[in-house]
Amino acid sequence: MRTNPYRFHAIFSLLVLSVLLVPCLARAENIKIGIPSLTVTMLPVAVAKEQGFFQKEGLNAEIVLMPAALTIKVLLAGDIQYATTITSGVVANIRGINTRVVMCFVDRALLDLVGIPEIGAIPDLKGKLIGISSRGGLHDVVMRRIFAQSGMDASQATFITVGGPGAMFGAIQSKRIAAGLLNPPHNFLAYREGLKNLGFAGNFVRSPSTGIVTMRETLERSPDQVRRLLRALTRARAFAKDNKPATVAILKRFVRISDDELAGKIYDYHKRAETPDGKVDAAIAADTIRDSLQAEAITKEVPVNQVFDFSYLPPR
């Protein structure tokens, strides 16, 4: 029986290709990235995952959803290698844990202060109940800065812990609290229900809230992995900036909404807060550390380079 030379050539080519691919697959590293919620501030992670940018850097990235309060504990335990909660990472560092912020997705809080219809302006919040997500967390820090810049003291209102954005939205809508901070899409949904926009938190606070946090030991043990991760995320951010329709489609799947108009608003809102290169300047970094120290009632000096390290980012 004669062997078909074309069939033999095809089989041989497939065998060669499989031999070449096996080492590439074997070299792929498994990493876990902890995220606190399915929100637009996690968009670079979602885009990098869906567009294959992690894979192109030899990384099998698993996205792990967990409460913000747990991300640093899980990071410290080694069950994830990277977290996206910068505020928690900064607080952990000033408490003596060797966390490092290596990339910032945004340089201001992507939150609106949303109030009940009876509240005309921020000064009307004196004596009222204000919702925050957690003590010492991002909402706590942001609300204190909003009050200070509005000529008020945080002691002039009562801050209560409400929880996540869904619970916050419900608490405002039911008038259990007078106001709270809402991220998209909850802020836009709140306006549809007649609740009031009292201000964009980013106009009051220049502080990174999401990005990449890891342990100093990871930087020392796996610097190449860190660089590849940040390269993938940098490519994802560039893709998102230049490809709105494709990115809005990813965003809809990620945050699990079907409303095209709402998704478009969220995409545009996110662009207001994005860092151009994954960094924040030293002044913003210092303010972020100072705010966390004040929120935690810790009195000590913490240098910026103990908390933030952008040397692993790809050159522009």
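Before reading on, note that the structure itself is shown above.
Quick summary incoming for the structure in this document. (Residues numbered from 1 in each chain as written. Predicted model: local features only at pLDDT ≥ 70, side-chain atom pairs only at ≥ 80, totals over all residues. Heavy atoms only, no water.)

Brief notes about the pattern of salt bridges
According to the stated counting rule, one finds 17 salt bridges in the structure shown. Measuring nitrogen to oxygen at the nearest pair gives 2.0 Å for the salt bridge that ties Glu 29 to Arg 228. Note that Glu 29 is positioned in strand β1 (residues 29-35) and Arg 228 in helix α10 (residues 223-242), a separation of 199 residues in sequence. (Salt bridge = Lys/Arg side-chain N within 4 Å of Asp/Glu carboxyl O. Helix = DSSP H or I, 4+ residues; strand = E, 2+ residues; numbered from the N terminus.)

Things to note about the packing of aromatic side chains
As enumerated under the stated definition, the model contains 6 aromatic pairs in all. Residues Phe 147 and Phe 159 carry aromatic rings whose centres are separated by 5.7 Å and whose planes lie at 85° to one another, so their mutual orientation is edge-to-face. Taken as a pair, Phe 147 in helix α6 (residues 138-149) and Phe 159 in strand β7 (residues 158-161) lie far apart in primary sequence, 12 residues in all. The pair formed by Phe 147 and Phe 159 is uniform in burial state, with each residue classed as buried. Here Phe 308 and Phe 310 contribute two aromatic rings whose centre-to-centre distance is 6.0 Å and whose plane-to-plane angle is 45°, an arrangement assigned as tilted. Through successive ring pairs, a cluster of aromatic residues spans Phe 188, Tyr 191, Phe 200 and Tyr 269. (Phe/Tyr/Trp six-rings, centres within 6.5 Å; stacked < 30°, edge-to-face > 60°. Buried < 20%, exposed > 50% of the residue type's maximum accessible area, 1.4 Å probe, protein only.)

Some details on a positive patch on the surface
A contiguous patch of positive charge, built from Lys 241, Lys 271, Lys 279 and Arg 316, is present on the exposed surface. Its place among the elements puts Lys 279 in the loop between α12 (260-271) and α13 (282-295). With a relative accessible area of 39%, Lys 279 lands in the partly exposed category. (Patch = residues over 30% accessible without salt bridge, like charges linked within 9 Å, V, L, I, M, F, W, Y side chains within 5 Å. Areas by Shrake-Rupley, 256 points an atom, 1.4 Å probe, with all protein chains shown as cover. Lys, Arg positive; Asp, Glu negative; His and termini not counted. Charge placed at Lys NZ, Arg CZ, Asp CG, Glu CD.)

Considering the sheet that holds β1
Read across the sheet, 5 strands follow the order β2-β1-β3-β10-β4 without closing on themselves; strand pairing throughout is mixed. Both outer strands of the open sheet, β2 (59-65) and β4 (99-104), are each paired with one neighbouring strand and no more. With direction set aside, neighbouring strand axes in the sheet form an average angle of 30°. The pairing of β4 with strand β10 (residues 210-215) spans 5 bridges and is antiparallel. Directly across from Thr 99, in β10, lies its bridge partner Met 215. (Pairing = 2+ DSSP bridges. Axes fitted to C-alpha atoms, helices over the stretch in contact; angles between N-to-C directions.)

Topic: the sheet that holds strand β6 (residues 129-132)
With mixed pairing, 5 strands are arranged side by side in an open sheet as β7-β6-β8-β5-β9. Looking at the sheet topology across the chains shown, the edges are occupied by β7 and β9 (196-200). Each adjacent strand pair in this sheet contributes to an overall mean axis angle of 30°, direction not counted. Inspection of the sheet shows β6 paired to β7 by 4 bridges, in the parallel sense. Paired with Leu 129 across the strands is Thr 158, a residue of β7. Of the strands in this sheet, β5 (112-115), β6, β7 and β8 (179-182) are in contact with α6, which crosses β6 at around 140°. (Contact = heavy atoms within 4.5 Å.)

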